[in-house]
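Chain residues, written in single-letter form:
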Amino acid sequence: MDASLFSDRLHSLLERADSIAVLTGAGVSAESGVPTFRDPGGLWSRFKPEELANVDAFMRNPDLVWEWYTYRRELIAGVQPNPGHVALAEMQTLIPDFTLVTQNVDNLHQRAGSTDVVELHGNIERSFCMDCRATVDKIDLPASKAVPRCAHCGGLIRPGVVWFGEMLPDAQLRRASDAAARCQLFLSIGTSGEVYPAAQLPGLAREHGAWVVEINPRPSSIAHRMHECIEAPSGVVLPLLVDVFRRSRLSA
Ligand code: BJW
Ligand code: ZN
């Protein structure tokens, strides 16, 4: 595989675009060994995410849900960012108006060196009290499997992620929408496009004139909204893409 699989339009935008926005989903971390949600064998292959990733499920059985997040926190701590994460972190250093929007809660973009990441669905390393909203860092969580209680008020501590039926953080969603509306190139990477409002961003970018490209080994449910689909893993495609980008930016 090489850069000849990119369209002429994509080549020319990699050389000249002043503003780029990227949306990532679980697929960008798949090559690090983090299971996606909806692929076969993924985190939700036995359950419907809409039925379990919500606050009612947590209230019904907080210990079970907490244990599930402890398992994922430990899994994530044991993996490394992959070449896709690293390529996106480098891209940010080569262009001033670059916005990385992620639905992922795994912190792998940040560990690869990306800064100022727009986290639409929160971060698994943060938790907070359901009663007084006090935040708790991963480092301060007790080792027990049972859901912890707040040191200030005794309330239930929950993961700092966005579940179904909950609002996305206002400022983050606004930053994501603004970036989609002003960019010239929008990359939608490793997301099934099943979950809104994140799945609206590629369409929004397109309506505002951006060239919209999907990177995913399998066409997503929003592939029809793209100008171009590159059907290959992001850990392979992104380093090639950043190679083209780096060569044109450094020689300019
Ligand atoms: C590779 C690869 C490789 C594999 N390289 N790729 C409009 C219309 C209809 C419904 C709604 C709507 N607006 C809102 C809703 C309701 C709801 C929703 O979207 N429902 C849908 C199911 C229809 N949305 C919400 O409730 C959101 N809140 C909201 O909108 O508030 C306002 C409101 C409230 C109530 C009513 C109406 C409005 C909140 C959504 C929160 C999502 N939370 C989760 C869990 C986070 C915590 C946790 O991690 O546990 O976020 S669900 C889960 O899905 C997680 C993900 O971020 C999200 C997206 O998944 P993602 O990343 O796309 O992963 P997968 O597994 O689906 O796909 C992986 C892809 O990677 C695949 O395509 C593979 O092919 C690919 N891949 N290997 C590149 N190597
Ligand atoms: Zn509290």
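Residues numbered from 1 in each chain as written. Chains lettered and ligands numbered in written order. Predicted model: local features only at pLDDT ≥ 70, side-chain atom pairs only at ≥ 80, totals over all residues. Heavy atoms only, no water.

### Considerations on the overall build of the protein
Line of reasoning, step 1. Along the backbone of the protein there are nine helices and nine strands.
Line of reasoning, step 2. For the protein, whose C-alpha radius of gyration is 19 Å, the value lies close to the compact-globule estimate of 18 Å for 252 residues.
Line of reasoning, step 3. Counting only C-alpha atoms and orienting by the principal axes, one finds that the protein spans roughly 60 × 35 × 35 Å.
Line of reasoning, step 4. Of the contacts made within the protein by residues no fewer than 6 positions apart, 70% connect residues no fewer than 24 positions apart.
Line of reasoning, step 5. Side chains of the protein carry 24 positive and 30 negative charges; the gap between the two charge centres is 2 Å. (Helix = DSSP H or I, 4+ residues; strand = E, 2+ residues; numbered from the N terminus. Rg over C-alpha atoms; globule rule 2.2 N^0.38 Å. Contact = heavy atoms within 4.5 Å. Lys, Arg positive; Asp, Glu negative; His and termini not counted. Charge placed at Lys NZ, Arg CZ, Asp CG, Glu CD.)

### Description of the domain arrangement of the protein
Many analyses report the size of an interface as the accessible area lost when the parts associate.
Line of reasoning, step 1. Annotation of the protein at the domain level lists domain 1 (3-33 + 81-121 + 168-251) and domain 2 (42-78 + 126-161).
Line of reasoning, step 2. On a C-alpha basis, the centres of domain 1 and domain 2 stand 28 Å from each other.
Line of reasoning, step 3. With six residues of domain 1 in contact, the opposing surface of domain 2 contributes seven residues.
Line of reasoning, step 4. Taking both sides of the interface into account, the surface hidden between domain 1 and domain 2 amounts to around 450 Å²; carbon and sulfur atoms contribute 51%.
Line of reasoning, step 5. At the boundary of domain 1 and domain 2, one finds one salt bridge.
Line of reasoning, step 6. Close ionic contact of Arg126 with Glu119 constitutes a salt bridge, the shortest N to O distance being 2.9 Å.
Line of reasoning, step 7. Grouping the constituent residues of the side of domain 1 that touches domain 2 by class yields one nonpolar, two polar and three charged. (Domains from an automatic or database assignment. Buried area = accessible area lost by both parts, 1.4 Å probe. Salt bridge = Lys/Arg side-chain N within 4 Å of Asp/Glu carboxyl O. Nonpolar A, V, L, I, M, F, W, Y, C, P; charged D, E, K, R; others polar.)

### Here we look at the pattern of salt bridges
Line of reasoning, step 1. The tally for this structure, following the rule as stated, stands at nine salt bridges.
Line of reasoning, step 2. Arg182 is the salt-bridge partner of Asp97, the closest N and O atoms lying 2.9 Å from each other. Highlighted residues: Asp97 in strand E2 (residues 97-102) and Arg182 in helix H7 (residues 170-182), separated in sequence by 85 residues.
Line of reasoning, step 3. Note that Arg175 is salt-bridged to Asp116, the shortest N-O span being 3.5 Å. Taken together, the positions of Arg175 in helix H7 and Asp116 in the loop between helix H6 (108-112) and strand E3 (118-119) put the pair 59 residues apart, joining distant regions of the chain.
Line of reasoning, step 4. Through salt bridges with shared partners, a single network forms among Glu90, Asp243, Arg246 and Arg247.

### Comments concerning the coordination of the zinc ion (ligand 2)
Line of reasoning, step 1. Protein-derived coordination of the zinc ion (ligand 2) comes from Cys129 (SG), Cys132 (SG), Cys150 (SG) and Cys153 (SG), at a distance range of 2.3 to 2.4 Å.
Line of reasoning, step 2. Every donor counted, the four donor atoms about the zinc ion (ligand 2) form angles of 97 to 117° at the centre, which fits tetrahedral coordination.
Line of reasoning, step 3. Counting gaps between the donor residues of the zinc ion (ligand 2) yields the pattern C-x2-C-x17-C-x2-C. Separated by 18 residues along the polypeptide, Cys132 in the loop between strand E4 (122-129) and strand E5 (135-137) and Cys150 in the loop between E5 and strand E6 (157-161) bring together distant segments of the chain.
Line of reasoning, step 4. Overall, Cys132 belongs to the partly exposed group, its relative accessible area being 38%. (Donors = N, O, S within 2.8 Å, 3.2 Å for Na, K, Ca; no water. Tetrahedral: all angles 85-135°; square planar, octahedral: opposite > 155°, others 65-115°. Buried < 20%, exposed > 50% of the residue type's maximum accessible area, 1.4 Å probe, protein only.)

### Let's talk about helix H1 (residues 8-16)
Line of reasoning, step 1. Turning to H1, its buried residues are Leu10, Leu13 and Leu14. Taken around the axis of H1, the buried residues stretch over an arc of 100°, which confines them to a single face. Residues Asp8 and Arg16 are exposed on H1 and point more than 90 degrees away from its buried face. (Arc of directions from axis to C-beta.)

### Here's the deal with the environment of Pro159
Line of reasoning, step 1. Examined against the element boundaries, Pro159 turns out to sit in strand E6.
Line of reasoning, step 2. Of the residues examined, Pro159 reaches a relative accessible area of 0% and is grouped as buried.
Line of reasoning, step 3. If near-sequence neighbours (up to four positions away) are discounted, Pro159 is found in contact with Phe58, Trp66, Tyr69, Arg126, Ser127 and Phe128.

### Some points on the packing of H1 against helix H9 (residues 234-251)
Line of reasoning, step 1. One can describe the packing of H1 onto H9 by two numbers: an axis separation of 8 Å at closest approach and a directional angle of 50°. By the angle between their axes, H1 is oblique relative to H9. Crossing handedness for the pair H1 and H9: right-handed. Contacts between H1 and H9 involve Leu10, His11, Leu13, Leu14, Glu15 and Arg16 from the first element and Leu241, Val244, Phe245, Ser248 and Arg249 from the second.
Line of reasoning, step 2. Across the contact of H1 with H9, the residue classes break down as six nonpolar, two polar and three charged. (Axes fitted to C-alpha atoms, helices over the stretch in contact; angles between N-to-C directions. Parallel < 35°, antiparallel > 145°, perpendicular 65-115°, else oblique. Left-handed = near helix turned anticlockwise from the far one by under 90°.)

### Considerations on unusual backbone geometry
Line of reasoning, step 1. Residue Tyr196 is joined to Pro197 through a cis peptide bond whose omega torsion reads 5°.
Line of reasoning, step 2. By the secondary structure assignment, Pro197 is in the loop between strand E7 (185-189) and helix H8 (201-207).
Line of reasoning, step 3. With a phi close to 70°, Arg133 is a non-glycine residue in the positive phi region.
Line of reasoning, step 4. Assignment of secondary structure puts Arg133 in the loop between E4 and E5.
Line of reasoning, step 5. Taking the relative accessible area as the measure of exposure, Arg133 reaches 56% and is therefore exposed.

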